[in-house]
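Residues per chain, in single letters:
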Amino acid sequence: MKKKTVFLLIIGIIAIVLFAAKPLFNSNNLLNFNNHPKQTTKVKKKKKKVKTVPITWGYPFKRLYEKKIKFKTGQMYGKTDVLRRTKPKSYFHDGYDFGFSEVGHSSVLAVHSGKVHRVHFRPGMGLYVWVISKDGYVQVYQEGFLSITDIYVKKGQHVKLGQKIGRLTGSHIHLGVTKTDKHYIDKHGDPCGNWWKNNGTWLNPMEIINKNLAEAGKFHQ
């Protein structure tokens, strides 16, 4: 009987201990590990950088920014239907002609920033403005100035993109574009070397201008 009493006492003590320890083993409170608030890490989304293309080239006349203009084949750069030279025979046009019928007798704008290298007269070219840029490009504006007073810049002057360099008073402005590493200077020191040769000396002005404006998301011809 005594042994039975002791056994029951032990069973009772065990029951009391288990009852008292129940909260410690609760599934939502096991050893207090699950009582800590869950930590969440916010992942910051990286913003995509939009690549902006700077505008470094522009048209030589304001009207070209306002509407599409259809130029004749003879005005365009490259092989044309106009005979440029007989000996040797050449139909190659080394630049782009902007006629007063398309752009009016209006201000001539710098198509690229640079420094005026020379303002001069040469038979076949007329009065011209020769500009050399820091990036190695060369621009020649010719055939459209009837008087020296039609030119607003002088040798050594820095011109910015879009700056007025003169006024078209002739039938058209011929714009030639090349680079300083090309053989574009003739034996007389004028920027007209290889003008009849399609050998890479002279580049397509409108192609260069249109490409830059298109990449910058601007209106282009």
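Residues numbered from 1 in each chain as written. Predicted model: local features only at pLDDT ≥ 70, side-chain atom pairs only at ≥ 80, totals over all residues. Heavy atoms only, no water.

### Considering the sheet that holds strand β10 (residues 158–159)
Then step 1. If you walk across this open sheet you meet the 6 strands as β5-β12-β9-β8-β7-β10, and the pairing is antiparallel. Each of the sheet's edge strands pairs with one partner strand only, and the pair in question is β5 (96–99) and β10.
Then step 2. Pairing of β5 with strand β12 (residues 172–179), which is carried by 4 bridges, proceeds in the antiparallel orientation. Considered in β12, the bridge of F98 is made with I173. (Pairing = 2+ DSSP bridges. Helix = DSSP H or I, 4+ residues; strand = E, 2+ residues; numbered from the N terminus.)

### Digging into the pattern of salt bridges
Then step 1. A complete count under the given rule lists 3 salt bridges for this structure.
Then step 2. The partner of D190 in a salt bridge is R118, and the shortest N-O contact between them spans 3.2 Å. Here the residue D190 occupies a position in the loop between β12 and α3 (205–215), and R118 occupies one in strand β7 (residues 114–122), the gap between them amounting to 72 residues.
Then step 3. Judged by relative accessible area, which is 24%, R118 ranks as partly exposed.
Then step 4. Linked by salt bridges that have partners in common, R118, R122, D186 and D190 make up one network. (Salt bridge = Lys/Arg side-chain N within 4 Å of Asp/Glu carboxyl O. Buried < 20%, exposed > 50% of the residue type's maximum accessible area, 1.4 Å probe, protein only.)

### Topic: unusual backbone geometry
Then step 1. Put simply, K87 and P88 share a cis peptide bond, and its omega is -10 degrees.
Then step 2. Mapped onto the fold, P88 is located in the loop between β2 (85–86) and β3 (89–90).
Then step 3. The residue E143 is not glycine, and still its phi comes out positive at about 75 degrees.
Then step 4. Tracing the backbone through its elements, the reader meets E143 in strand β9 (residues 137–145).
Then step 5. Here E143 falls in the partly exposed class, since its relative accessible area comes to 28%.
Then step 6. Although it is not a glycine, N194 sits at a positive phi angle of roughly 60 degrees.
Then step 7. Tracing the backbone through its elements, the reader meets N194 in the loop between β12 and α3.
Then step 8. The class for N194 is buried, based on a relative accessible area of 16%.

### Some words on the pairing of β7
Then step 1. In this structure, β7 lies alongside β10, joined through 2 bridges in antiparallel fashion. Residue pairing in the sheet places K115 in a bridge with H158 of β10.
Then step 2. In the sheet, β7 pairs with strand β8 (residues 126–132) via 7 bridges, with the strands oriented antiparallel. Across the sheet, R122 pairs through a bridge with G126, a residue of β8.
Then step 3. Counted along the chain from β7 to the antiparallel partner β8, the turn is 3 residues long, and its residue G124 has a positive phi close to 90 degrees.

### A look at the layout of surface pockets
Then step 1. Approximately 270 Å³ is the volume found for the largest pocket.
Then step 2. Forming the walls of the largest pocket are 16 residues, and the residues nearest its centre are G124, M125, Q142, E143 and W195.
Then step 3. Taken together, the residues that form the lining of the largest pocket break down as 7 nonpolar, 5 polar and 4 charged.
Then step 4. If you add up the space inside the second largest pocket, you get close to 160 Å³.
Then step 5. Around the second largest pocket sit H112, S113, G114, K115, I132, S133, K134, D135, H158, V159 and K160, which together line it.
Then step 6. Among the elements of the structure, β7 and β10 are those that each provide at least two residues to the lining of the second largest pocket.
Then step 7. Taken together, the residues of the lining of the second largest pocket sort by class into 2 nonpolar, 5 polar and 4 charged. (1 Å grid on protein atoms, 1.4 Å probe; cavity = no way out; pocket = protein on both sides within 12 Å on 5 of 7 lines; lining within 4 Å. Points joined across faces, edges and corners; volume = space filled by probe spheres on them. Nonpolar A, V, L, I, M, F, W, Y, C, P; charged D, E, K, R; others polar.)

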